[in-house]
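These are the residues of each chain, in order.
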Amino acid sequence: MSAPLALLMHTFRHRLKSALLLLGCIQFLSAGKPNVLFIAVDDLKPDISAYGAIIPTPGIDRLAEGGTTFLNAHCQQAVCAPSRASILTGRRPDVTRVWDLKTQIRDITPDILTLPQYFKQQGYHTLGVGKIFDQRSVDDGADSVSWSQPFTENWMLDYNESTGKPTAHYHNVRSRAIGAEADAAGVEGWGARNEFLHERRGWPVAECIDVPDDAYSDGAIRKYAVQELSKLAGKEQPFFLAVGFQKPHLPFVAPKKYWELIRPVHTKRASFKEHAKGSPDYAWTDFPELRSYNGIPDSGPLKPLLQQTLIHGYYACVAYIDAQIGALLDELEAQGLAGNTIVVLWGDNGWHLGDHGQWTKHTNYEQATRVPFIVKMPGQSTRSTTMPAELTDLFPTLCELAALPLPEDLDGVSLAPTVLDGQEDLRDFAVSQYPRGERMGYALRNERYRFVAWYQTGPDRAANGDEAIDAIELYDYQEDPLETENLAELAGYAETVSQLRQQLSDFLATESAKRQ
């Protein structure tokens, strides 16, 4: 048998087996289409127990047990709005052309199809709460055409009666007092009130107060989602419920009990705090997002005690969100929905916690692009894979698992064969990108390496091809998992650089041709 024919037969057998397994799973589900519980977590890096970390996350562990954990999954741009625009359309940032925090998706491509919009078209009741789209990239804060019922934003939520709504993000005495001053002065609007608090040092980077979970937005988001699940349980129409948790995004505010779950063993500072040797200076960030909070210096490194507080606060927020996820899963089971619901968990980008002297996201490095990505299909086996995956894959994967036809022009690939059959040859690499002024950096990540090419011509780099490359980077996670040195110029890696450079060049040329 010729090699091409053998490959064709191998692919056919895999697809046939996956199709039979999918048929079995769908038959296992109740008659009709499966429900979807779509859980987004803002700025969540995979430092959780399901990924081998020591941070206790029993709620997320329940998803990993009986689900598929993608250990090598990456966002397409490590910042909220571009990442979410890409995830929710299944298209890359170079297609949505959302590379910043102000461009609106439908200003560029008015008729682009979103994931919840497509499920709505396929007969699903779609609803959502919290942060799903980044509100700055959709004209009404939620993209109303995507939802069967009005999307529920934070200001609509039911907060704890004893505490009331937070002042901006906070319940501390100072911030609440300054908020009252703003009210008395007639300061209105989210931005104006936040600036008023910030100028008066009522905008701290962290808060640890003994309050109930629903004193903050994420507990109120969970409470709303639980109430909706109880309503949805009595309906015959399948649902797509999107629940967008906002922590561990800054500021690090969480009830005191979650701060107390985090021990000194969890808050060790990064062991490597320098920029990678030989890396271009512009590849890094001075983390202005973090510096916008009171108590953070305007420039320079952070003092060790402040670093410890930030690490502690980040993981306290992770524990807080994990408890909300656990409560969602409890309600799914209590309502008898678990056996007929696909659950997916994803983070929109990673987060630097002091590695390379970096904080927040906004880079093309591992800690910024790597994200948790877990899919749980009723009846499937527990598995994990190091095969590269992208968040663009989420759209086609959910469609195939729900037995829906795939829309045209999606950039991701369906990972349903991995979920159902453990197939691990669907992707050779994942691609992320990040702009730096007139440059656009593209990162290709396979199972061992990260290759980054910085193009001088930004998004129009295809016109000049390799001639436009300003710098390249290579990191070997087998030999140098902390990214201490850019290996691209070392003779021992010349062949690897040549191969990965060609792979990335071919990929970008193909993507550019698709957009013509």
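Going by the structure above, here's the rest.
Reading guide: rules and limits
Residues numbered from 1 in each chain as written. Predicted model: local features only at pLDDT ≥ 70, side-chain atom pairs only at ≥ 80, totals over all residues. Heavy atoms only, no water. Salt bridge = Lys/Arg side-chain N within 4 Å of Asp/Glu carboxyl O. Core = buried A, V, L, I, M, F, W, Y, C linked by side-chain atoms within 4.5 Å. Buried < 20%, exposed > 50% of the residue type's maximum accessible area, 1.4 Å probe, protein only. Helix = DSSP H or I, 4+ residues; strand = E, 2+ residues; numbered from the N terminus. Contact = heavy atoms within 4.5 Å. Pairing = 2+ DSSP bridges. Axes fitted to C-alpha atoms, helices over the stretch in contact; angles between N-to-C directions. Parallel < 35°, antiparallel > 145°, perpendicular 65-115°, else oblique. Left-handed = near helix turned anticlockwise from the far one by under 90°. Nonpolar A, V, L, I, M, F, W, Y, C, P; charged D, E, K, R; others polar. Phe/Tyr/Trp six-rings, centres within 6.5 Å; stacked < 30°, edge-to-face > 60°. Expected span 1.5 Å × (residues − 1). Arc of directions from axis to C-beta.

A look at the pattern of salt bridges
No. 1: Under the criterion given, the structure shown has 30 salt bridges.
No. 2: Each of the salt bridges in this network shares a partner with another, and the network as a whole consists of Arg91, Arg92, Glu390, Asp393, Asp411, Arg427, Glu511 and Lys514.

A few points about the nonpolar core
No. 1: Ranked by internal contacts, the top residues of the largest apolar core, which has 120 residues, are Phe38, Phe119, Ile325, Phe373 and Leu398.
No. 2: Ranked by residue count, the leading element in this core is helix H12 (residues 304–334), at 15 residues.
No. 3: Ignoring sequence-local partners within four residues, the contact set of Phe119 consists of Val36, Tyr124, Thr126, Phe240, Leu398, Cys399, Ala402 and Leu404.
No. 4: The next biggest cluster of nonpolar side chains, apart from the first, holds 22 residues, and it includes Trp99, Phe451, Ala468 and Ile472.

Focus on the sheet that holds strand S12 (residues 373–376)
No. 1: Spatially, S4-S6-S1-S8-S12-S2-S13 is the arrangement adopted by the 7 strands of the open sheet, whose pairing is mixed. Looking at which strands have only one partner, the edges of the open sheet turn out to be strand S4 (125–130) and strand S13 (383–385). Adjacent strand axes in the sheet meet at a mean angle of 10 degrees when their direction is disregarded.
No. 2: By the bridge criterion, 6 bridges tie S4 to strand S6 (residues 239–245) in an arrangement that is parallel. The residue bridging Gly130 from the neighbouring strand is Gly244, located in S6.
No. 3: Each of S4 and S6 is contacted by helix H9 (residues 217–232), which is oriented at about 170 degrees to S6, the strand it contacts most.

Comments concerning the packing of helix H7 (residues 173–184) against helix H8 (residues 190–199)
No. 1: Running from amino to carboxyl end, H7 crosses H8 at an angle of 125 degrees, the nearest separation of the two axes being 10 Å. Classified by the interaxial angle, the pair formed by H7 and H8 is oblique. Crossing of H7 against H8: the hand is right-handed. For the pair formed by H7 and H8, the contact residues are Ser175, Ile178, Gly179, Glu181, Ala182 and Asp183 on the first element and Arg193, Phe196 and Leu197 on the second.
No. 2: Across the contact of H7 with H8, the residue classes break down as 4 nonpolar, 2 polar and 3 charged.

With respect to the packing of aromatic side chains
No. 1: Inspection of every chain in the model, using the stated rule, returns 21 aromatic pairs.
No. 2: Ring plane angle 50 degrees and centroid distance 5.1 Å describe the contact between Trp147 and Phe151, whose orientation is recorded as tilted.
No. 3: What makes Phe151 buried here is its relative accessible area of 7%.

Quick look at unusual backbone geometry
No. 1: For the bond from Lys247 to Pro248, the omega torsion is 15 degrees, close enough to zero to count as cis.
No. 2: With respect to the helices and strands, Pro248 occurs in the loop between S6 and strand S7 (252–255).
No. 3: With an omega of -10 degrees, the peptide bond between Leu250 and Pro251 qualifies as cis.
No. 4: Among the structural elements, Pro251 can be located in the loop between S6 and S7.
No. 5: With phi around 70 degrees, Thr360 is a residue other than glycine that occupies positive phi space.
No. 6: Position of Thr360 among the secondary structure elements: in strand S10 (residues 359–360).
No. 7: Look at Thr360 and you get buried, because its relative accessible area is 0%.
No. 8: One non-glycine residue, Glu483, lies in positive phi territory at about 55 degrees.

A word on the packing of H9 against H12
No. 1: Packing of H9 against H12 brings their axes to within 10 Å, and their N-to-C directions diverge by 10 degrees. Between H9 and H12, the angle falls in the class roughly parallel. In contact with Asp218, Gly219, Arg222, Ala225, Val226, Leu229 and Ser230 of H9, H12 contributes Tyr320, Ile321, Gln324, Ala327, Leu328, Glu331 and Leu332.
No. 2: By residue class, the composition of the contact of H9 with H12 is 8 nonpolar, 3 polar and 3 charged.

Let's talk about helix H3 (residues 80–89)
No. 1: The buried count for H3 comes to 10 of 10 residues, which makes it a mostly enclosed element.
No. 2: Three or more residues of H3 are buried, namely Cys80, Ala81, Pro82, Ser83, Arg84, Ala85, Ser86, Ile87, Leu88 and Thr89.
No. 3: In the core, the buried residues of H3 are packed alongside strand S1 (35–41), helix H4 (93–96), helix H5 (105–108), helix H6 (115–121), strand S8 (341–347) and helix H14 (394–401).

Regarding the sheet that holds strand S3 (residues 73–74)
No. 1: In space, the 3 strands of this open sheet follow the order S11-S3-S14, with mixed pairing throughout. Unpaired on one side and paired on the other, strand S11 (370–371) and strand S14 (389–390) mark the two borders of the sheet.
No. 2: With 2 bridges joining them, S3 and S11 adopt antiparallel strand pairing. Residue pairing for S11: Ala73 is matched across the bridge by Val371.

Notes on helix H16 (residues 494–514)
No. 1: For H16, built from 21 residues, the straight-helix expectation of 30 Å at 1.5 Å per residue is met to within 8% by its first-to-last C-alpha distance of 30 Å.
No. 2: Taken together, the buried positions of H16 are occupied by Thr496, Val497, Leu500, Leu504, Ser505, Phe507, Leu508, Glu511 and Ser512. Angular distribution of buried residues about the axis of H16 spans 165 degrees; they occupy a single face of the element. Set apart from the buried face of H16 by more than 90 degrees, the exposed residues are Glu495 and Ala513.
No. 3: For H16, the secondary structure elements touched by its buried residues are strand S15 (430–436), strand S16 (439–445), strand S17 (449–455) and strand S18 (469–476).

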